[in-house]
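# Per-entry structural report
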Amino acid sequence: MTHATVAASPSLGALRDHLDAHPDRAAREWCRQALAEAADHPGGHGPITVWELRLAEAGRRCGSGHADAARVLILHAAGADTTALTRVYRQGTAAERRAVLLALPHLVPGPDALPLVEDALRTNDTRLIAAAVGPYAARHLDGHAWRHAVLKCLFTGVPVDAVAGLAQRARADAELARMLTDFAAERTAADRPVPSGLYRVLALAGAETRKES
């Protein structure tokens, strides 16, 4: 099932502007060269492509504050399809996996890459989880998987602001409200704090239900 209304993700133009604002001239030049190489040698040729090597270098060349943007733009310039994205995700570092997840809304129109999202949601890596619950997940995860993704965020401490399309998909979702109530009760019974974001999502999930009661 496709859910068309989702929170906006950074546009490719915004990512380019972010790189162009890099304070280091050498880093800006490296980014321009890496994007040009990816555009000149798209797809996959041989065991590893030029642009995959650039993905691995991005953190060192651009710094942590710009590496995500560089990697997403390299993937886009290379026209990486689901097969290439899956290869990078399976073989890459956590940072490269995160970039793949962030690139999905820009590169994969259908649900073919959902296995990558599902894999990230099985981890306890909060940066991967936050990237996995972006616009691609909001469009393509079914209701059951999406509800569990929201709970995974709450369980691992990922802010619910990371969940794209939260207000639209959570509204009047009685099953999500039940799951959140049960989760809160379990935390309280165990004398553990209830994540503050839970009450925000619960308010959304029960909003229309309360109006009707």
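Residues numbered from 1 in each chain as written. Predicted model: local features only at pLDDT ≥ 70, side-chain atom pairs only at ≥ 80, totals over all residues. Heavy atoms only, no water.

For the rest of this paragraph, the subject is the overall build of the chain. Looking only at helices and strands, the chain features 13 helices and zero strands. Its C-alpha atoms give the chain principal-axis dimensions of roughly 60 × 35 × 30 Å. Within the chain, counting contacts between residues at least 6 apart in sequence, those at least 24 apart form 70% of the total. Just so you have it, the chain exposes about 10,700 Å², and 53% of that area is on carbon and sulfur atoms. In the chain, the 25 positive side-chain charges and the 24 negative ones have mean positions that sit 3 Å from each other. (Helix = DSSP H or I, 4+ residues; strand = E, 2+ residues; numbered from the N terminus. Contact = heavy atoms within 4.5 Å. Areas by Shrake-Rupley, 256 points an atom, 1.4 Å probe, with all protein chains shown as cover. Lys, Arg positive; Asp, Glu negative; His and termini not counted. Charge placed at Lys NZ, Arg CZ, Asp CG, Glu CD.)

Buried together is how nonpolar side chains tend to be arranged in soluble globular proteins. The biggest cluster of nonpolar side chains holds 65 residues, and the ones touching the most others in it are Trp-51, Leu-75, Leu-101, Leu-104 and Val-117. Ignoring anything within four residues of it in the chain, the contact list for Leu-101 reads Tyr-89, Leu-116, Val-117, Ala-120, Leu-128, Ala-131 and Ala-132. (Core = buried A, V, L, I, M, F, W, Y, C linked by side-chain atoms within 4.5 Å. Buried < 20%, exposed > 50% of the residue type's maximum accessible area, 1.4 Å probe, protein only.)

With 13 residues, helix H3 (residues 50-62) should reach 18 Å at 1.5 Å per residue; the first-to-last C-alpha distance of 17 Å fits that figure. Approximately 45° is the largest bend angle found in H3, and it occurs at Ala-56. All of the buried residues in H3 are Trp-51, Glu-52, Arg-54, Leu-55, Glu-57, Ala-58 and Cys-62. Structurally, H3 contributes buried residues whose contacts are with helix H2 (25-40), helix H4 (64-77), helix H5 (82-91) and helix H6 (94-107). (Expected span 1.5 Å × (residues − 1). Bend = angle between axes of the 7 residues up to and from the residue.)

Moving on: H4. Given a rise of 1.5 Å per residue, 14 residues ought to cover 20 Å, and the 20 Å separating the end C-alpha atoms of H4 matches this to within 8%. By the burial criterion, the buried members of H4 are His-66, Ala-67, Asp-68, Ala-69, Ala-70, Arg-71, Val-72, Leu-73, Ile-74 and Leu-75. At its buried positions, H4 is contacted by helix H1 (12-20), H2, H3, H5, H6 and helix H8 (126-132). A positive backbone phi angle near 60° is found at Gly-79, which sits one or two residues after H4.

Moving on, we get to the environment of Leu-104. Relative to the elements of secondary structure, Leu-104 occurs in helix H6. Each C-alpha atom of the pair Leu-104 and Ala-137 lies 9.2 Å from the other, and the pair is 33 residues apart in sequence. When residues no more than four places from it in sequence are discounted, the contact partners of Leu-104 are Leu-85, Ala-113, Val-117 and Tyr-136.

All right, on to the pattern of salt bridges then. Side chains that differ in charge, positive against negative, can pair when their charged atoms come close. Applying the stated criterion across every chain, the model contains 13 salt bridges. A salt bridge links Asp-161 to Arg-200, with the shortest nitrogen-to-oxygen separation between them at 2.3 Å. On the criterion of sequence distance, the pair formed by Asp-161 in the loop between helix H10 (143-156) and helix H11 (166-170) and Arg-200 in helix H13 (residues 196-212) is long-range, its members being 39 residues apart. Classification of Arg-200 as partly exposed rests on a relative accessible area of 43%. Beyond isolated ion pairs, a larger network of salt bridges with shared partners links Glu-37, Arg-54, Glu-57 and Arg-61. (Salt bridge = Lys/Arg side-chain N within 4 Å of Asp/Glu carboxyl O.)

To continue, consider the packing of H4 against H6. At a minimum axis distance of 9 Å, the contact between H4 and H6 shows a crossing angle of 55°. The angle between the axes of H4 and H6 places the two elements in the oblique class. Handedness of the crossing formed by H4 with H6: right-handed. Residue-level inspection shows Asp-68, Arg-71, Val-72, Leu-75 and His-76 of H4 in contact with H6, the latter providing Ala-95, Glu-96, Arg-98, Ala-99, Val-100, Leu-102, Ala-103, His-106 and Leu-107. Considering only residue class, the contact of H4 with H6 consists of eight nonpolar, two polar and four charged. (Axes fitted to C-alpha atoms, helices over the stretch in contact; angles between N-to-C directions. Parallel < 35°, antiparallel > 145°, perpendicular 65-115°, else oblique. Left-handed = near helix turned anticlockwise from the far one by under 90°. Nonpolar A, V, L, I, M, F, W, Y, C, P; charged D, E, K, R; others polar.)

With that out of the way, let us pick up the environment of Gly-13. Here Gly-13 is to be found in helix H1. Residue class for Gly-13 comes out partly exposed when judged on its relative accessible area of 31%. As a C-alpha pair, Gly-13 and Leu-73 span 60 residues in sequence and 9.6 Å in three-dimensional space.

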